[in-house]
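The primary structure of each chain is shown beneath.
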Amino acid sequence: MPERISRREALKIGTTTAVGAAIAPHVSSAAHLDSPNADDSVTRDRAGSGLSDGSASDICFMSARQMADLVRQKKLSAREVMQAHLRQIASVNPKVNAIVTLVPEEQLMAQALAADEAIAKGNWLGPLHGLPVGVKDLHLTKGIRTTHGSPLHAKDIPNEDCLVVEREKKAGAIVIGKTNVPEWGLGSQTFNPVFGPTLNPYDLTKTCGGSTGGGAVALACGMVPLADGSDMGGSLRNPPNFCNVVGIRPSPGRVPNPPTTLGWFTLSVGGPVARNVSDCAFFLSVLAGFDRRSPISIDQPGSQFANSLAGRDFKGVRVAMFKDLGLPWEPAVRDAVKAQRKVLESLGCIVEEAEPDFKDANECFVVWRHWSVELSFGDILEANADKLNEYVHWHVQEGRKLTGPQLSRAEAKRTELYQRMRQFMDKYEFFVLPVNQVLPFDVRTHYATEIAGVKMENYIAWMKSAYYISTVGNPAMSVPCAFSESGLPIGVQIVGRHNDDWGVLQMGYAFEQATNVGKRRPPVV
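Everything quoted here is computed from the prediction, not taken from an experiment.

## What about the overall build of the protein chain?
Phase 1: A tally of helices and strands in the protein chain yields 17 helices and 15 strands.
Phase 2: In the protein chain, of all internal contacts separated by at least 6 residues, the share reaching a separation of at least 24 is 75%.
Phase 3: Split by element, the accessible area of the protein chain, about 19,600 Å² in all, is 49% carbon and sulfur.

Written out as structure tokens, the structure is:
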């Protein structure tokens, strides 16, 4: 039998130098820590957990649902989970730069120990009990540095949690650290002057997308079981698309977003990223739900998303496969997604080539993005001109040109667009298209400047297939569907009817089970 370790030694196991050596001898006996609250009831039946002793990889690439079940059943301790992830972070994060602020390891191990002691007493804290979670560096975390990727906030430590983090903690999760973002979350390429770029784990010379880039990479590399994010123009879809993981842009109001100065704003939403669709739904069950602080909050419980996604019969379900949306496409992306028609038909779906009329979608999105960024930065731009990037400058300048009649007409056009989308989705339950128009590109390039010979007019123009969907507000998710000849991930975007997040998750799950593309791990691990 391995010798017992003390409480003090348990906390020390979290250190980068000790964790690798410590996990193997203690992984099967960590339940016997000399804690005044530990008792024989914590002893776990490892044979029933499906784990091999000492295998950090087994833990780090386990599904979050399974991990949570094993912790609740006392077959896996929160300390084992934390030790394994700290070891993975120490090994892989220096190669990809996904987690930019790591909570001190003794604090993490202390929280994991407290989670184990709670379980020993029969106190289950919630569905994420003892699980590490990566938090996007745009989300406020009490006592943990939150920079927004900006020199203006490089040393900021908030004194409150945003609602997303509040709900994660209430569900028993342990915030392991902050994941990298583009500066202020602008653009779908994760780099900033505070921490530098996050690299794509499938090709370290490529971008991972953004703005939830750090979260997607941390998941792909087994450094966290779950990561949160947000999406205005594609940030919960494009990084998963580029990194072979899963993300859903929920319906506006599904995941309330206090604190915010824009309570009625529907373009930006919070949501989950995970390694598979089931875990994505599981995490959404924690993040979703009504909150009076948000005037658009959907009055439905998040618990509905914890139900099983399996078993739905898709026979006869009508699915629209995109034509071209009038956009330029990198052929590898276009062809890979169109090839998924056979998969959808194998599920019993009736698939037709059709697409909504997205006339005015670009204008509506860009106008309201200009307006919202001007609101956020207009008052501080002059005093901090050298500390705000070119994207902020452009949006503020354009936002100041907007007039009341322009905004009212843009909103009228957006309403007409919504009605066209609604009518289209009355005929088709799902609309399938690429997440965006290109493969992951060179990480040294700030954005895709040209697609199939067509010059992009600004830094977000290559993301239209993502932000057109943001404009109409339908739930949409990215699920792995293929790899390019050069080994780069490609995701398919599944769009559902207004507020039908559950249906999107069901279709995403059925598609994932039929393809299993998401099981391919990156070479960097």
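Don't stop here, the text continues.
## Observations regarding the packing of helix H13 (residues 361-377) against helix H15 (residues 404-427)
Phase 1: Two elements in contact, H13 and H15, have axes whose closest approach is 9 Å; the angle formed by their N-to-C orientations is 135°. When the interaxial angle is binned, H13 and H15 end up oblique. Considering only the axes of H13 and H15, their crossing is left-handed. Facing Ala361, Glu363, Cys364, Val367, Trp368 and Trp371 of H13, the residues of H15 in contact are Leu407, Ala410, Glu411, Lys413, Arg414 and Leu417.
Phase 2: Classifying every residue of the contact of H13 with H15 gives 8 nonpolar, no polar and 4 charged.

## Considering unusual backbone geometry
For residues that are not glycine, phi is negative in most cases, and the peptide bond is trans in most cases.
Phase 1: The peptide bond linking Gly210 to Ser211 adopts the cis configuration, its omega dihedral lying at 5°.
Phase 2: Looking at the secondary structure, you find Ser211 in the loop between strand E5 (203-207) and helix H8 (213-220).
Phase 3: Each neighbour pair has its own omega, and for Pro258 with Pro259 the value is -5°, a cis peptide bond.
Phase 4: With respect to the helices and strands, Pro259 occurs in the loop between strand E7 (246-249) and strand E8 (269-274).
Phase 5: A positive phi angle is found at Asn97, which is not glycine, with a value near 60°.
Phase 6: With respect to the element layout, Asn97 can be found in the loop between helix H5 (78-96) and strand E1 (99-102).
Phase 7: The exposure class assigned to Asn97 is partly exposed, which follows from its relative accessible area of 21%.
Phase 8: Phi is positive for Asn244, which is not a glycine, with a value near 65°.

## Looking at the packing of aromatic side chains
Phase 1: Considering all chains together, one arrives at 17 aromatic pairs under this definition.
Phase 2: Ring geometry for Tyr467 against Tyr468: centres 5.9 Å apart, planes inclined by 70°, an arrangement best described as edge-to-face.
Phase 3: Taken together, the aromatic side chains of Phe358, Phe365, Phe424, Tyr428, Phe431, Tyr467 and Tyr468 make up a single cluster linked through ring pairs.
Phase 4: The side chain of Arg520 reaches across the aromatic face of Phe483, ending 3.8 Å from its centre.

## With respect to the sheet that holds strand E15 (residues 489-495)
Phase 1: Reading across from one edge, E1-E3-E2-E6-E8-E7-E14-E15-E11-E9-E10 is the order of the 11 strands in this open sheet, with mixed pairing throughout. At either end of the open sheet lies a strand with only one pairing partner, and these are E1 and strand E10 (350-353). Shown here is a sheet whose adjacent strand axes are inclined to one another by a mean of 30°, direction ignored.
Phase 2: Where strand E11 (residues 430-434) lies against E15, 4 bridges are found, and the strand directions are antiparallel. Looking at E15, one finds that Pro434 is bridged to Val492.

## Comments concerning the packing of helix H10 (residues 277-287) against helix H17 (residues 501-515)
Phase 1: Running from amino to carboxyl end, H10 crosses H17 at an angle of 155°, the nearest separation of the two axes being 9 Å. Taken together, the axes of H10 and H17 are roughly antiparallel relative to one another. Each of Val277, Ser278, Ala281 and Leu284 in H10 lies in contact with H17, whose residues at this interface are Leu505, Gly508, Tyr509 and Glu512.
Phase 2: Tallied by class, the residues present in the contact of H10 with H17 amount to 5 nonpolar, 2 polar and 1 charged.

## Focus: the environment of Glu166
Phase 1: By the element assignment, Glu166 lies in helix H7 (residues 163-170).
Phase 2: Taking the relative accessible area as the measure of exposure, Glu166 reaches 34% and is therefore partly exposed.
Phase 3: Along the sequence, Glu166 and Leu140 sit 26 residues apart, while their C-alpha atoms lie 9.7 Å from each other.
Phase 4: Ignoring any residue separated from it by four or fewer positions in sequence, one finds Glu166 in contact with Asp161 and Arg293.

## Quick word on the pairing of strand E9 (residues 318-321)
Phase 1: As paired strands, E9 and E10 are joined by 4 bridges and run parallel to one another. Within the sheet, the bridge partner assigned to Arg318 lies in E10 and is Ile350.
Phase 2: As judged from the 3 bridges shared by E9 and E11, these two strands associate in the parallel manner. Within the sheet, the bridge partner assigned to Ala320 lies in E11 and is Phe431.

## Things to note about H15
Phase 1: Between its terminal C-alpha atoms H15 stretches 36 Å, which fits the 34 Å expected from 24 residues at 1.5 Å a residue.
Phase 2: When H15 is considered as a whole, its buried residues turn out to be Leu407, Ala410, Arg414, Leu417, Met421, Phe424 and Met425.

## Describing the pattern of salt bridges
Phase 1: Tallied over the entire structure, the rule returns 22 salt bridges.
Phase 2: Of the charged contacts in the structure, one is a salt bridge between Arg249 and Asp231, with a shortest N-O distance of 2.9 Å. Of this pair, Arg249 sits in strand E7 while Asp231 sits in strand E6 (residues 226-231), and the two are 18 residues apart along the sequence.
Phase 3: Residue Arg400 is joined to Glu374 by a salt bridge in which the shortest nitrogen-to-oxygen separation is 3.7 Å. Residue Arg400 is found in helix H14 (residues 390-401), and its partner Glu374 is found in helix H13; the two are separated by 26 residues along the sequence.
Phase 4: Given the relative accessible area of 44%, Arg400 is considered partly exposed.

## Let's talk about helix H4 (residues 64-72)
Phase 1: Along H4, the positions that sit buried rather than exposed are Ala64, Arg65, Met67, Ala68, Leu70 and Val71.
Phase 2: Those residues of H4 hidden inside the fold are in contact with helix H3 (56-60), H5, helix H6 (105-120), E6 and H10.
Phase 3: Phi turns positive, to about 65°, at Lys74, one or two residues after H4.

## What about the side chain of Asn244?
Phase 1: Assignment of secondary structure puts Asn244 in the loop between helix H9 (238-243) and E7.
Phase 2: For Asn244, a relative accessible area of 2% gives the class buried.
Phase 3: In this structure the side chain of Asn244 is engaged in a polar contact, spanning 3.3 Å, whose partner is the side chain of Tyr202.
Phase 4: Engagement of the side chain of Asn244 in a polar contact is seen with the backbone oxygen of Arg520, the distance being 3.1 Å.
Phase 5: Discounting chain neighbours no more than four positions away, the residues touching Asn244 are Tyr202, Pro480, Phe483, Pro489, Val517, Gly518 and Arg520.

## Overview of the side chain of Asn180
Phase 1: Among the structural elements, Asn180 can be located in the loop between strand E3 (174-179) and strand E4 (199-200).
Phase 2: Residue class for Asn180 comes out buried when judged on its relative accessible area of 0%.
Phase 3: Apart from the residues within four sequence positions on either side, Asn180 is in contact with Asn97, Ala98, Val100, Thr190, Asn192, Phe195, Gly196, Pro197, Thr198, Ser211, Gly213 and Gly214.

Here is what the cut-offs are and how they apply
Residues numbered from 1 in each chain as written. Predicted model: local features only at pLDDT ≥ 70, side-chain atom pairs only at ≥ 80, totals over all residues. Heavy atoms only, no water. Helix = DSSP H or I, 4+ residues; strand = E, 2+ residues; numbered from the N terminus. Contact = heavy atoms within 4.5 Å. Areas by Shrake-Rupley, 256 points an atom, 1.4 Å probe, with all protein chains shown as cover. Axes fitted to C-alpha atoms, helices over the stretch in contact; angles between N-to-C directions. Parallel < 35°, antiparallel > 145°, perpendicular 65-115°, else oblique. Left-handed = near helix turned anticlockwise from the far one by under 90°. Nonpolar A, V, L, I, M, F, W, Y, C, P; charged D, E, K, R; others polar. Buried < 20%, exposed > 50% of the residue type's maximum accessible area, 1.4 Å probe, protein only. Phe/Tyr/Trp six-rings, centres within 6.5 Å; stacked < 30°, edge-to-face > 60°. Lys NZ or Arg CZ within 6 Å of the ring centre and 35° of its normal. Pairing = 2+ DSSP bridges. Expected span 1.5 Å × (residues − 1). Salt bridge = Lys/Arg side-chain N within 4 Å of Asp/Glu carboxyl O. Polar contact = N/O pair within 3.5 Å; in protein donor to acceptor, adjacent residues only side chain to side chain.

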